[in-house]
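# Report on the structure
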Amino acid sequence: MPIVAPSLLSANFINLAADCKMLNDSVADWYHLDVMDGRFVPNITFGPMVIEFIRKATTKVCDVHLMIEEPGLYTEQFKKAGADILTVHIEACTHLHRNIQQIKSLGMKAGVALNPHTPVSSLKDILADIDLVCLMSVNPGFGGQTFIPQTLQRIKELRSMIDAAQLPTLIEIDGGVTLQNATTILDAGAHVLVAGNTVFKSANPTQTIQQLKNL
Ligand code: DX5
Ligand code: ZN
């Protein structure tokens, strides 16, 4: 059974409370929260202040995906806002090891995200220190994009590295996950499915979450 993490990026922000209630009443495991700064990615979303409100609306795990430059400057703010998992991009961190230690020292789980072009092997010397790898299966910045098929090979490669070292690291797939491709993604070795449009643009989001969970 996968961990299902609907992405609030595709939620209705004028009525966020209703979408939070829907998620709370569903079998969704995590809230996936996409923070964008308009520099690391060509889009701007929300920051710690909105996450603090969302934190109060749920007891589910808040999985915060930082698509920002210099994420180390904001680690404490996201902890205070209520993040349980804090994921930084390898491409945005000159001192990735330090950033990860900082996240963990504040009591959060640490994740590292990779853009589609970044080799999975670049995680070799840091894999044992992290709780989650977020493999981007689209170029980050927007919801509703098409899954990049080469991701499947990347999942397999990463899963082999994790299994060979007998690590508990989770593989999260972010971007273009649908009910049609999710089984292949899980078969390749992923543990966590992020889904934005697939959940929130479906006729029955609660049921769609259940369908993803049943895969
Ligand atoms: C993209 C974000 C994703 C996004 C996924 O940059 O990191 O989390 O919300 O949206 P879908 O599932 O619609 O591709
Ligand atoms: Zn994301």
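These numbers come from a predicted model, not from an experiment.

This part is about the overall build of the protein. A count of helical and extended segments in the protein gives eight helices and eight strands. A compact globule built from 215 residues would reach a C-alpha radius of gyration of about 17 Å, and the protein, at 16 Å, matches this within 12%. With respect to the principal axes defined by its C-alpha atoms, the protein has extents near 40 × 35 × 30 Å. When the 215 residues of the protein are sorted by exposure, 53% land in the buried category. Considering only contacts in the protein between residues 6 or more positions apart, those separated by 24 or more positions represent 65%. Per element, the accessible surface of the protein, about 9800 Å² overall, is 53% carbon and sulfur. Across the protein, the 16 positively charged side chains and the 20 negatively charged ones have centroids separated by 3 Å.

It is worth spelling out the coordination of the zinc ion (ligand 2) at this point. Angles at a metal have ideal values that depend on geometry: 109.5 degrees with four tetrahedral donors, 90 or 180 degrees with six octahedral donors. Binding of the zinc ion (ligand 2) to the protein goes through His 32 (NE2), Asp 34 (OD), His 65 (ND1) and Asp 174 (OD), at separations of 2.0 to 2.3 Å. Relative to the metal, the six donor atoms surrounding the zinc ion (ligand 2) lie at angles of 69 to 171°, and the coordination shape comes out octahedral. One chain supplies every donor to the zinc ion (ligand 2), and in sequence these donors are spaced H-x1-D-x30-H-x108-D. Taken together, the positions of Asp 34 in strand 2 (residues 30-36) and Asp 174 in strand 7 (residues 170-174) put the pair 140 residues apart, joining distant regions of the chain. Note on Asp 174: relative accessible area 8%, which makes it buried.

Scanning all chains against the criterion turns up five salt bridges. Where Asp 25 meets Lys 21, a salt bridge forms, and the shortest distance between an N and an O atom there is 2.6 Å. Of this pair, Asp 25 and Lys 21 both sit in helix 1 (residues 16-25), four residues apart, which is roughly one turn of that helix.

On to helix 4 (residues 96-105), then. For helix 4, the set of buried residues is Leu 96, Asn 99, Ile 100 and Ile 103. Angularly, the buried residues of helix 4 cover 95° about the axis, an arc narrow enough to put them on a single face. More than 90 degrees from the buried face of helix 4, the exposed residues found are Arg 98 and Ser 105. Of the surrounding elements, those touching the buried residues of helix 4 are helix 3 (75-81), strand 4 (85-89) and strand 5 (109-114). A positive phi of about 90° marks Gly 107, the residue just after helix 4.

In the neighbourhood of ligand 1, 20 residues make up the surrounding shell, with Ser 7, Asp 34, Gly 141, Asp 174 and Gly 196 lying closest. Between Ser 7 and ligand 1, the recorded distance is 2.8 Å, taken from a side-chain N or O atom to an oxygen atom. Taking His 32, its side chain carries an N or O atom lying 3.3 Å from an oxygen atom of ligand 1. Out of a free accessible area of 380 Å², ligand 1 has 99% covered by protein chains. Residue composition of the shell around ligand 1, grouped by class: eight nonpolar, ten polar and two charged.

Counting 57 residues, the largest nonpolar core has Leu 33, Val 64, Leu 123, Leu 135, Leu 158 and Ile 173 as its most contacted members. In this structure, Trp 30, Met 136, Val 138 and Val 192 belong to the second largest nonpolar core, which totals eleven residues.

A few words on the packing of aromatic side chains. For the structure shown, the criterion picks out one aromatic pair. Both rings, one in Phe 13 and one in Phe 46, keep their centres 5.8 Å apart while their planes meet at 35°; by these two values the pair is tilted. Of the two residues, Phe 13 is situated in the loop between strand 1 (3-6) and helix 1 and Phe 46 in the loop between strand 2 and helix 2 (48-56); the sequence distance between them amounts to 33 residues. The exposure class assigned to Phe 46 is buried, which follows from its relative accessible area of 10%. Stacked on the ring of Phe 53, the Lys or Arg Lys 56 has its end atom at 5.7 Å from the ring centre.

What counts, and where the lines are drawn
- Residues numbered from 1 in each chain as written.
- Chains lettered and ligands numbered in written order.
- Predicted model: local features only at pLDDT ≥ 70, side-chain atom pairs only at ≥ 80, totals over all residues.
- Heavy atoms only, no water.
- Helix = DSSP H or I, 4+ residues; strand = E, 2+ residues; numbered from the N terminus.
- Rg over C-alpha atoms; globule rule 2.2 N^0.38 Å.
- Buried < 20%, exposed > 50% of the residue type's maximum accessible area, 1.4 Å probe, protein only.
- Contact = heavy atoms within 4.5 Å.
- Areas by Shrake-Rupley, 256 points an atom, 1.4 Å probe, with all protein chains shown as cover.
- Lys, Arg positive; Asp, Glu negative; His and termini not counted.
- Charge placed at Lys NZ, Arg CZ, Asp CG, Glu CD.
- Donors = N, O, S within 2.8 Å, 3.2 Å for Na, K, Ca; no water.
- Tetrahedral: all angles 85-135°; square planar, octahedral: opposite > 155°, others 65-115°.
- Salt bridge = Lys/Arg side-chain N within 4 Å of Asp/Glu carboxyl O.
- Arc of directions from axis to C-beta.
- Near = heavy atom within 4 Å.
- Polar contact = N/O pair within 3.5 Å; in protein donor to acceptor, adjacent residues only side chain to side chain.
- Nonpolar A, V, L, I, M, F, W, Y, C, P; charged D, E, K, R; others polar.
- Core = buried A, V, L, I, M, F, W, Y, C linked by side-chain atoms within 4.5 Å.
- Phe/Tyr/Trp six-rings, centres within 6.5 Å; stacked < 30°, edge-to-face > 60°.
- Lys NZ or Arg CZ within 6 Å of the ring centre and 35° of its normal.

Keep in mind that these numbers describe shape and distance, not what the molecule does.
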